[in-house]
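Overview (structure and organization)
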Amino acid sequence: MLRISCPWCGPRDEPEFRWGGEVPVLRPGPPEAVSDSAWAQYLFVRDNPKGWVRERWVHAFGCRQWLIVVRNTVTHEIRATARLTEPLPEVTP
Amino acid sequence: MLEHRTPFDSIREGEDPGSATIARELIVTPVRDKGLLLLQSACLQALQTALEREIGLRLPPAQQASWHGPYVLLWQTPAQWLLQLPARECDSIGAALSDRLASALAAITDFSDALVALEVGGAGLADVFMSGCSLDLRADAFPPGRVARTSLADVPAILWNPGGSDRIHCLIERGFETHLFAWLKGTATR
């Protein structure tokens with residue numbers, strides 16, 4: 001089980017959180033100018049790297065705030081967490 | 001017409017002296033005659049001023065409670081607080097706070113019927129709660145004034161320590177009351 005340090009509530013167990021996907025995923029636009037392939041890329045294609053990744057999580061059972069988590073997808077080690085209003089943490093080893 | 005009775009009704013209606021001893025000295029007492037107001041605002045200064053003038057309370061820091069007389073303010077999120085107050089004052093204080101915050105971006109919502117407040121006490125309290133909650137609720141890790149929104153018995157719960165090492169106040173959604181009572185009974189007697 002992961003132990004995630006919420007920037008507001010401190011360390012909490014993983015079942016209190018919900019995963020929200022990789023970041024950053026930028027919405028292309030304007031809609032009328034976006035091709036089908038670019039839209040499909042935005043909706044369905046993710047990097048899914050082996051190693052360090054930045055993810056969005058929400059503390060659903062706690063303060064209900066969204067946060068950024070830097071997690072290693074191989075070891076599940078968590079290096080940093082940050083509020084959405086803070087600069088994105090680095091992912092390079 | 002269906003009659004809806006919850007496990008705590010017999011305590012509320014006076015068939016019991018006021019509390020239920022479940023097992024292993026675990027005592028559950030419904031918190032009576034209290035109302036709840038959910039305060040939401042990103043304008044902290046305006047909310048702070050309104051609270052100080054109406055009831056003499058300051059906004060507590062994250063994961064903390066502040067209290068003054070019969071009023072208790074529980075931190076919920078960075079922009080939400082839960083005010084516990086005498087039920088008879090719920091309407092008047094809610095209206096007074098709304099008036100004071102009329103020009104600020106704020107919302108005051110009566111949550112009295114949404115949540116059930118229980119005081120749980122007894123020697124086995126921490127052990128029972130910690131079997132259904134991932135937080136360390138022993139007295140040294142969960143001191144007086146500490147508030148936590150968390151999961152208890154797989155349902156959302158607000159826990160706070162009103163003082164002392166042998167009691168915790170627990171607020172849960174009213175619909176989970178039966179589940180929580182069954183869980184407390186089953187866990188405490190296991």
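1. Looking at the state of the cysteines
Residues and elements named next belong to chain B. Counted according to the given criterion, the structure contains 0 disulfides over all chains. Cys133 takes part in no disulfide bond, and the closest cysteine sulfur, belonging to Cys170, lies 9.4 Å away. Under the relative-accessibility criterion, Cys133 is labelled buried at 6%.

2. So, the domain arrangement of chain B
Residue and element names in this part refer to chain B. When cut into domains, chain B gives domain 1 (18-32 + 114-189) and domain 2 (34-110). The C-alpha-based centres of domain 1 and domain 2 are spaced at 24 Å. Facing the 12 residues of domain 1 at the interface are 13 residues of domain 2. The tally of links between domain 1 and domain 2 comes to 0 salt bridges. At the junction of domain 1 and domain 2, the tally comes to 5 residue pairs in polar contact (both at pLDDT 80 or more). The set of elements that each furnish at least two residues to the side of domain 1 that touches domain 2 consists of β8 (115-121), β9 (147-152) and β10 (155-160). In the side of domain 1 that touches domain 2, the residues fall into 8 nonpolar, 1 polar and 3 charged.

3. Here we look at the sheet that holds strand β3 (residues 18-22) of chain A
Residues and elements named next belong to chain A. Pairing is antiparallel in the open sheet, where 4 strands are placed in the order β3-β4-β5-β6. Two strands close off the open sheet at either side, each with one partner strand: β3 and β6 (78-83). This sheet shows a mean twist of 30° between the axes of neighbouring strands, independent of strand direction. As judged from the 5 bridges shared by strand β5 (residues 66-72) and β6, these two strands associate in the antiparallel manner. Looking at the pairing, Arg71 lines up with Ile78 of β6.

4. Describing helix α3 (residues 90-100) of chain B
Residues and elements named next belong to chain B. Among the residues of α3, Cys90, Ile93, Gly94, Ala96 and Leu97 are the ones counted as buried. What you see down the axis of α3 is that its buried residues fit within an arc of 165°, all on one side. Seen from the open side of α3, the exposed residues pointing more than 90 degrees away from its buried face are Asp91 and Asp99. Of the surrounding secondary structure, the elements contacted by the buried residues of α3 are β3 (34-41), α2 (44-55), β5 (71-77), β6 (80-86) and β7 (106-110).

Each value, and the rule that gives it
- Residues numbered from 1 in each chain as written.
- Chains lettered and ligands numbered in written order.
- Predicted model: local features only at pLDDT ≥ 70, side-chain atom pairs only at ≥ 80, totals over all residues.
- Heavy atoms only, no water.
- Disulfide = S-S within 2.5 Å.
- Buried < 20%, exposed > 50% of the residue type's maximum accessible area, 1.4 Å probe, protein only.
- Domains from an automatic or database assignment.
- Contact = heavy atoms within 4.5 Å.
- Salt bridge = Lys/Arg side-chain N within 4 Å of Asp/Glu carboxyl O.
- Polar contact = N/O pair within 3.5 Å; in protein donor to acceptor, adjacent residues only side chain to side chain.
- Helix = DSSP H or I, 4+ residues; strand = E, 2+ residues; numbered from the N terminus.
- Nonpolar A, V, L, I, M, F, W, Y, C, P; charged D, E, K, R; others polar.
- Pairing = 2+ DSSP bridges.
- Axes fitted to C-alpha atoms, helices over the stretch in contact; angles between N-to-C directions.
- Arc of directions from axis to C-beta.

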